[in-house]
Structure formats: structure tokens, C-alpha cells
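A structural walkthrough
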Amino acid sequence: MAQLPRYQRLGLQTRQPGNIDFADTREQARYAQTLSQQLDRMSEFAFKKSAEMAVERGQERVREEGALPTLEAIEAKGGPRGIAEKAAVEAANRIAVVEIETLAIADMQKLTVEADKNNMSMSAYQSAMLDINDGYKASLEMVDPVAAGVLGARLQGNTIKYETRYSEVVTQKAKAAWAKSVNEMFTTRGQAILEDATMPGVTEEMLQEDANKLIEDAVVKGVGRKEAQKDVDIILKKAIKQNRFYVFDSASDFATKQALLERYAENPLPGYSYEGNRSFLRQLQGSFQSQVGQAQKVATSDLIAAQTAMELTGEPPSGFKFDEASINDIFPPEQAEEYIDSWNNSVEDAENRGALASMSGNNVDAITIELEAEERNARDGGDPAEITLAVNRKVAWLESVANRNEQINKDPAGFVAATNESAGKIVNNIMDQFSRGNVNEAVDGLLLLRTIVDGQHEELGVPANMRNVMPNQMAAQVVNVIQNIPSDVASQAFEAITQQLGDYSPRFIEELRRQGLKPEYIQAMYASNPAVKKELIDVSVMKVDDILDGLPGTTKSDVEDAMVIELEKYRTAYLSGGGNEANKIFNQQIETVQKIAISRLKDGTVGTPAEAVGSALNDLIPEYQQSVVEPNGVYVVPMAFNPQTIRYNAGMLMDEMALSQLGIEPLESSLVPDFVDEAVSLASLSSTGRFLNNSTGDGLSLHYVINGVELPAGFEVKFSELPSLVSRLYSGGAISEEAAGFRREGLIQAGIEPKEVVEIDPNNPYASDIQRLVEENQ
């Protein structure tokens, strides 16, 4: 650093006399010299202090403005001037190297992170790192080349460090990527081989070819051949096992499966131990035996079902195919032969006997007698095979008949629908029409179904009281349909159904009753007034206690008392001979009448409980007033018939001569075991016999009355057919002239016009009355 010049005294030098000793002058000079020295020391101190302060100011500037901005500012003015700027440049140079190196390291770190994230190549990474070095070095080179050199050296050291680290990252990633690629190849290709193992037509040879190709591809990717072979062998081992399972399971027949078992036993699975192969074969053999056993069960079941169908309808069931080759595959020879013979016999029997589904009882008995005769003949011959065949045929026949009867007893209409293809199709069509809301079409189907079902029941001899038109399951579905009809349109729907069904309507309603149709809906279908129909449907969702809410506490008992009085005669007539079923129906009627009566009291449409009961009975069961309770008849006459007409005509049948024409069964009862004489039976009937309602409520059934017990006499007549029957009996000369007097009077009163002129015996005590009635009815 340049030194400030010392300040010296200035002035002119004067000539002095030589050798003159001027003491004062000398003192002055010494004093001046001392003073000058002191001033020099003071000046040197002041300059040093000023220099130190300048250096501090330069360093403070660097701290405040930053190293690079300070250097750039000083460089922009043409370089450092003065101590402060030189000190600032010197300090900034040192600090700038550190600052720039720090910034460079931060960028190197950032570059490394981004490179790792984006999988940057090593060459690109090195290029980017060089850009960082050159850029930061250049930023200092223009200011201080020496400092720039120092910075470059330090940056180069950091570059080498970061490049080394990233190189390791790249290497690890490359190894991981290679391993992943190899694993993916083995996983994907191995899975493809395993999937191919369960594809149709794929053989073990094809799987081996795919495995060999996978090994070669793995070697190309750098996997060692031994290692690749080891991994592929594991895959191939599983694939071949799966392929054998698949081929065995998908074999079309048991003969093929047996052949496969033999082939697998001769060619063990590759890669498996002896025990492993034994386990594999045992598994397949167990599966084979299980499948054979299941096939035998299915075949036996199918045979029984087919034989039953053949016996019932004369045709095998839909989809059944008799495969003799398959039977020979799954059964031992003797069992297969028995199976085949059994089927052939069923076909032959069906062709010779006809269909059991429509076979009359007489034909069933005839065939049974024939089979029993065959059995006896076989036993007489002594041939064990023939005896076994005859016994089996008879037993099978009796079982078929028993099964048929059981099905008929359970659901007669269901039996017809199951054995009559036409009936089955009609049932399905009816339900389809109901589901679509096509009531008219559904009712047409019901009428057609009734014709078919009743015809087949007649052939089978099904008792009238057991017959139904709708199969039980179908009737249950119809109940759901009926009960889901909205109340605002139900009245019209019920009216349309009952009118279109005509005389089948009561049977239809009662079949629905047996399948759980609500009592209110039953009465609604019987009722004739649309308003009453709707009233019944509305009250069906209510309970008696809910209706009684707000009414006097005695209302329910008052209504019940009034019902007892009104229904005394009806109860006796309705329940006679009806058993539990009649009692159940009667209770349902009573509950419904009670609901309507209480509801009307609550609505204020009637004033007293008696009036409420009367109005409800008239609307719901008006036939309660047509009850007949007499010694020779206890029954209820439907509203469609005049009770007086029915009474007179029923009374006309209670004559021994008339009864003799009706096919009456002589009484056979444990109550009177010796009472089997026809004449005595007829005499008993004419004097103590009693007509009761038949099971369907549309006619009368004649009963013996023995010791207070009513026993069926085997004769029934519809209300609609009763007048014509009586007319036929009395107009054909079957009845004695003596008995014709009162009988013809009853005939005329019944509204029946005689087919021939009525000849009145003048000696008859009723002659005048008969004549009057004849004239009134002509």
C-alpha cells in the first residue's frame, strides 16, 4: 500500500554566517526537529487508523450488499478506488467463492433429485452438471479470474462427488429394471403357459414348446441358462398337472376317462416324486369313482322319472334320452343289462297298456289282475329270472298306481296339469294373462282348463268333492293377483270375473278360499252390489277392535246376539254334513258379517245392532233366509233357486220307487253290519233319509241317518238338475199311480210343466187341489 508523503516544512533558506553559533537558533532547530518527528508519528497514526476504518467500511459494504453485487458495482465503475473499495473487493472475492459454491451445490442437489425422479441418463446428468460448473465459474471469471479458478477447482470436486453418487443410483436402477423386466417376463409368460394348460386342444407337447421358448428368451435377456431352466421347470410342472386335470375333467365319457387314468399311470408327471404321482393318480381315481357313482344315481333317478312319465302319459319326459352306451360305461355289466331291460319293459308296457294319467279304475284293476296272474305263472314255472321279472313288473306297476293316486289326492288339477301337455300350457297362459291385467283372456283360459281337467277327472274317477280346476300352486298365485287389485277397480274386476265364469264361479271362489283368499274378498266376489264389494275390500285391512273404537262398549256383544238370532236356522242347515270345512267357512262368513255390521253402525248408515246385522246378512249371505230344516232335508238353497221348488222336488225323491231308480248304494256300516239289504235300505231312506248340501254347495247329497249319524247313500243331484230329474222319474211310469197324487202336486208347485197330460184320480182326496194347480200352471 502506498505511503502518504511526509509533510515537511517549506520556506526559503537564508545565508548564514559561518561558524557562528547561535544557541537560540540551535535550540529552535532542535525544537523544530522534535516537533516534526512528533507530527510524523501523529500523521502515521492517523493514516493507519483511517486505513483500518476504510477496510472496515469495505467489508461492511460486502456484508450489506452481498459479495457479487459489490464486485459487479465496483467493476462497473472501472475498478476499485481507495482503500475501502479495495478492501471490499478483497473481502467480496473471498466470500463470493463460498456463496457461489453454495449456490452451485444447491443446484447440483436439485439436479440429482430431478434426475433420480425422471430417470435421467448418466450422460445427460453429466452434461447438466457441466452447465452448472461453467455457469457459476463464468459468473466470477469476469470479476476476478483468480477467484474464479479457486471456485472452479472447488466446484469440480463437488461435481465428481455428485456424479459418483448418481452413477450408483443409475446402476441400482438399471439392475432393478433388468430384474423387474426378467420377473415380468417369467410372470407373464409363465401365467400364459398355465392358462394355456386349461384350454381346449392344448397338449403337454405344446406346453413343453412354450417352456423351451421362454428359456431361450430369458437367456437372451442375460439370465443364466441353468437359472432359467430351473424357473421354467417349476412353471411347466404346474402346467402339465393342470392340463391333465383339465383333459380328464372335460373328457366326454367315462370310457375316455378310464383310458386317461391308464395313460397317466404309465407316464408319471415330470418333476414329481413317486409319492407325488401316486397322490395325483389317487385324486383322479377318487374323482372318477365319485363321478361314476353320481352318474349312476342320476341315471337311476332319470330312469325312474322316465318310467313314471311313460306310465302316466305314454311319453318320456322332455329332454330325456336313453343312451345305452353311457349306461354300459357307468354300470357293471349285470346292472347295465337290468337297467336296459327295465327301460325296454317300460316302453313296451306303455305301448300295450296306455297312459296311466287318464286310465280308469277298471283298467287299472284289470292290469293289476293280469300282472298278478303273470307272477303266479312264473312261480309255477320255477324259473328264477322269470319270477324276478314278473315280481318286479307287478311291484313297479303298483308303485306307479300308488304314486298316481297320491298325486291325485294331493292336488287333482295339479296332476292333470303335470301329465297333460295342453292343460300345462293353458295354466301358464292363464297366469301370463293375469300378470298382464288381461282378466277376460285369463277367464276364457279358466273355462277351457275346466273342460280339460273335469274331463280327465271323469276318466280317472276322481270323486266330485275332491275335484278342483286350478292346481293349488296356480290358485295361490291367483289369490295374490286378486288381493293386489286396487280397491277402486276391484268391484268391476270381480263382477267381470264371476259373470264370465258363470256356473264355475262358485267353484273358482272356493278354490281361492282354500288357498288363503281373505274372507272379505270371498264375500266381495259373491256379493252382487258393487258398493258392497268395495265396502268389503276396504274393511279387509281393518281389525274389529279398530272398527269398535269410539262405539259403545256393548256394541260387539249386541251385534253377536243379533247374529245368533238371525242365523239359528242357517247355522244348522249350513253345518249339517259339512264337517270341519263347513265350520271353517261359516266362521269366516260370521266374522265378515260382524265387521260390516259394526262398520255400518260406526258410519251411522243403520241405527241398531239388529238393523246392522240384517243389512249385512242381506248383502253378504242372503241365502241365509233360504235355509231348509226338515226331517228329510237340512240344507241351504242358493239364491238362484226357489227354496220351495227345491223342497218339493227333494221330497218327491223320498219314495222307495223313486229311490230305486237312483242307483242308491245299500247301506254297509260298522254301525249296522247286517243292514245290507237293498229293499230295507230304500225303505230306511224313504222314511228317515236326509238330504244335505253337497261338498260344492250347488246341489244335494242323500244320506242315511243311523243312530243320529249321517252316512252318504251314494246319490247327489245338482239344484239345477233336480226338477228335470223329478219330471223324468214321474213322467216315465216309474212311480206308482197311488204315489203320483201328491208327487205331481209337488211337481206342479215346483214350476215343472209335465211332459204328458196329468190324469187326476177322482178318488184322490187331493183331486180338486191338483186340478186347480194344473189349471193355474197351464
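In what follows, the structure referred to is the one given above.
Bear in mind the structure is a predicted one, so any value in this text is a computation, not a measurement.

**Quick notes on the nonpolar core**
Side chains of nonpolar character tend, in soluble globular proteins, to be buried together. Membership of the largest hydrophobic core comes to 67 residues, with the highest contact counts inside it found for Phe508 and Leu512. With seven residues, helix α25 (residues 579-603) is the largest single contributor of residues to this core. Each residue touching Phe508, except ones within four places of it in the same chain, is listed here: Leu446, Met470, Val478, Ile497, Leu501 and Met525. If you look at the next biggest cluster of nonpolar residues, it comprises 44 residues, including Val202, Ala228, Ala299 and Ala306.

**Observations regarding helix α6 (residues 204-220)**
The end-to-end C-alpha distance of α6, which contains 17 residues, comes to 25 Å, matching closely the 24 Å that a straight helix rising 1.5 Å per residue would cover. Along α6, the positions that sit buried rather than exposed are Glu204, Leu207, Ala211, Leu214, Ile215 and Ala218. The buried residues of α6 occupy an angular sector of 100 degrees when the element is viewed end-on, so they sit on one face. Every exposed residue of α6 that faces more than 90 degrees away from the buried side is listed here: Glu205, Glu209, Lys213 and Val220. Positive backbone phi, approximately 100 degrees, marks Gly222, located one or two places after α6.

**A look at the environment of Ile408**
Take Ile408: it is sitting in helix α13 (residues 384-410). Between the alpha carbons of Ile408 and Met466 there is a distance of 8.9 Å; along the sequence they are 58 residues apart. Not counting chain neighbours up to four residues away, the residues in contact with Ile408 comprise Phe415, Leu460, Val462 and Met466.

**Looking at the pairing of strand β2 (residues 633-636)**
On a regular strand, one side chain projects to one face of the sheet and the next to the other, so that they alternate. Of the two faces of β2, the one holding Gly633 and Tyr635 and the one holding Val634 and Val636 are both buried throughout. With four bridges connecting them, strand β1 (residues 627-630) and β2 associate as antiparallel partners. Along β2, the bridge assignment pairs Glu630 with Gly633. Joining the antiparallel neighbours β1 and β2 is a turn of two residues.

**Points about the layout of surface pockets**
Space left empty within the atom packing is revealed by a probe, the size of a water molecule, rolled over the atoms. The space that makes up the second largest pocket amounts to roughly 900 Å³. Contributing to the lining of the second largest pocket are 28 residues, with Gln307, Glu338, Ser342, Asn392 and Ala396 lying nearest its centre. By residue number, the principal contributor to the lining of the second largest pocket is α13, which donates 11 residues. Class assignment for the residues of the lining of the second largest pocket results in eight nonpolar, 11 polar and nine charged.

**Quick word on the sheet that holds strand β3 (residues 690-693)**
Across a sheet, strands are paired by hydrogen bonds formed along the backbone, either parallel or antiparallel in direction. The mixed open sheet is built from five strands, whose spatial order is β1-β2-β3-β4-β5. Either end of the sheet is taken by a strand with one partner, and the two such strands are β1 and β5 (709-718). For this sheet the average axis-to-axis angle between neighbouring strands, irrespective of direction, equals 25 degrees. The sheet strands contacting helix α24 (residues 568-575) are β1, β2 and β3, and the helix crosses β1 at an angle near 80 degrees. Strands in contact with helix α29 (residues 678-688) are β3, β4 (699-706) and β5; relative to β4, the strand with the most contacts, it is inclined by about 110 degrees.

**Details of the packing of aromatic side chains**
Following the criterion strictly, the structure yields 14 aromatic pairs and no others. Between the aromatic rings of Phe322 and Tyr339, the centroid separation amounts to 6.2 Å while the plane-to-plane angle is 10 degrees, which identifies the pairing as stacked. Here Phe322 is found in the loop between α9 (274-313) and α10 (324-330), whereas its partner Tyr339 is found in helix α11 (residues 333-353), with 17 residues between them in sequence. Residue Phe322 is classed as partly exposed on the basis of its relative accessible area of 24%. Look at Tyr339 and you get buried, because its relative accessible area is 8%. Joined through ring pairs, the aromatic side chains of Phe320, Phe322, Phe331, Tyr339 and Trp343 make up one cluster. Positioned above the aromatic ring of Tyr272 is the side chain of Lys237, whose terminal nitrogen or guanidinium carbon lies 4.4 Å from the ring centre. If you follow Arg647 out to its NZ or CZ, it ends over the ring of Tyr648, 5.9 Å from the centre.

Calculation criteria
Residues numbered from 1 in each chain as written. Predicted model: local features only at pLDDT ≥ 70, side-chain atom pairs only at ≥ 80, totals over all residues. Heavy atoms only, no water. Core = buried A, V, L, I, M, F, W, Y, C linked by side-chain atoms within 4.5 Å. Buried < 20%, exposed > 50% of the residue type's maximum accessible area, 1.4 Å probe, protein only. Helix = DSSP H or I, 4+ residues; strand = E, 2+ residues; numbered from the N terminus. Contact = heavy atoms within 4.5 Å. Expected span 1.5 Å × (residues − 1). Arc of directions from axis to C-beta. Pairing = 2+ DSSP bridges. 1 Å grid on protein atoms, 1.4 Å probe; cavity = no way out; pocket = protein on both sides within 12 Å on 5 of 7 lines; lining within 4 Å. Points joined across faces, edges and corners; volume = space filled by probe spheres on them. Nonpolar A, V, L, I, M, F, W, Y, C, P; charged D, E, K, R; others polar. Axes fitted to C-alpha atoms, helices over the stretch in contact; angles between N-to-C directions. Phe/Tyr/Trp six-rings, centres within 6.5 Å; stacked < 30°, edge-to-face > 60°. Lys NZ or Arg CZ within 6 Å of the ring centre and 35° of its normal.

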